[in-house]
Amino acid sequence: QVQLVQSGGGSVQAGGSLRLSCLASGGTFGANAVGWFRQAPGKEREFVGGISWSDGWSAAMSAYADSVRGRFTVSRDSAKNTVYLQMNNLKPEDTAVYYCGSRRGISRDENDYDYWGQGTQVTVSS
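Residues numbered from 1 in each chain as written. Predicted model: local features only at pLDDT ≥ 70, side-chain atom pairs only at ≥ 80, totals over all residues. Heavy atoms only, no water.

Focus: the pattern of salt bridges
- Under the counting rule described, the total for this entry stands at four salt bridges.
- Of the charged contacts in the structure, one is a salt bridge between Arg69 and Asp66, with a shortest N-O distance of 3.4 Å.
- Among the residues examined, Arg69 registers a relative accessible area of 47% and is labelled partly exposed.
- The exposure class of Asp66 is exposed, given its relative accessible area of 67%. (Salt bridge = Lys/Arg side-chain N within 4 Å of Asp/Glu carboxyl O. Buried < 20%, exposed > 50% of the residue type's maximum accessible area, 1.4 Å probe, protein only.)

Side note on the pairing of strand E9 (residues 96-103)
- Most of E9 sits inside the fold, with seven of its eight residues counted as buried.
- Bridge count between strand E4 (residues 33-39) and E9: seven bridges; the pairing is antiparallel. Its bridge partner lying in E9, Phe37 is registered against Tyr99.
- Pairing analysis gives three bridges linking E9 to strand E11 (residues 120-125), with the strands arranged antiparallel. Bridging from a neighbouring strand, Val97 pairs with Gln121 of E11. (Helix = DSSP H or I, 4+ residues; strand = E, 2+ residues; numbered from the N terminus. Pairing = 2+ DSSP bridges.)

Some remarks on the sheet that holds strand E7 (residues 72-77)
- With antiparallel pairing, the four strands of this open sheet are ordered in space as E1-E3-E8-E7. Edge positions in the sheet fall to strand E1 (3-7) and E7, since each has one partner strand and no second. Pairs of neighbouring strands in the sheet enclose a mean axial angle of 20°, with direction left out of account.
- Direction of pairing for E1 relative to strand E3 (residues 18-25): antiparallel, over a ladder of five bridges. Among the inter-strand pairings, Leu4 is bridged to a residue of E3, identified as Ala24. (Axes fitted to C-alpha atoms, helices over the stretch in contact; angles between N-to-C directions.)

Here we look at the state of the cysteines
- As enumerated under the stated definition, the model contains one disulfide in all.
- At a sulfur-sulfur separation of 2.1 Å, the disulfide partner of Cys22 is Cys100. Between Cys22 and Cys100, the disulfide has an S-S torsion of 75° and is therefore right-handed. Of this pair, Cys22 sits in strand E3 while Cys100 is found in strand E9, placing the two residues 78 residues apart along the sequence. The burial state of Cys22 is the same as that of Cys100; both residues are buried. (Disulfide = S-S within 2.5 Å.)

Considerations on the side chain of Thr82
- Note on placement: Thr82 falls in strand E8 (residues 82-87).
- With relative accessibility at 7%, the residue Thr82 sits in the buried group.
- Separated by 2.9 Å, the side chain of Thr82 and the backbone oxygen of Lys80 make a polar contact.
- Apart from residues lying up to four places away in sequence, Thr82 is in contact with Ser21, Cys22, Leu23, Ser75, Arg76 and Asp77. (Polar contact = N/O pair within 3.5 Å; in protein donor to acceptor, adjacent residues only side chain to side chain. Contact = heavy atoms within 4.5 Å.)

By themselves, these observations are geometric and do not establish any function.
What follows is the structure, encoded as structure tokens:
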């Protein structure tokens, strides 16, 4: 089986930082992209940021939502099969359940993703 296991959520005051992790396990992993999404109560799930890579290329490509650009960074540790979401200068409007998903090729559409992590709560207080 292929599983995505998330960790790193929690509560923080506005202006603080958190780092979320998304670990891929379960054998050969055919996907080459991971996206981060979030869903706040009463709102639709929205794309936050993502990263894609190829075994034939050393440089990864990334994309971000305008609302988090300059504050959030997606990175990958290939040796650990882990993708991170570093969140800096957090704002109360960042409060949501955050999910990682995997697929082939980066996408902002949640319906394009084949595997999902369990989600982790991020709460940012004023």
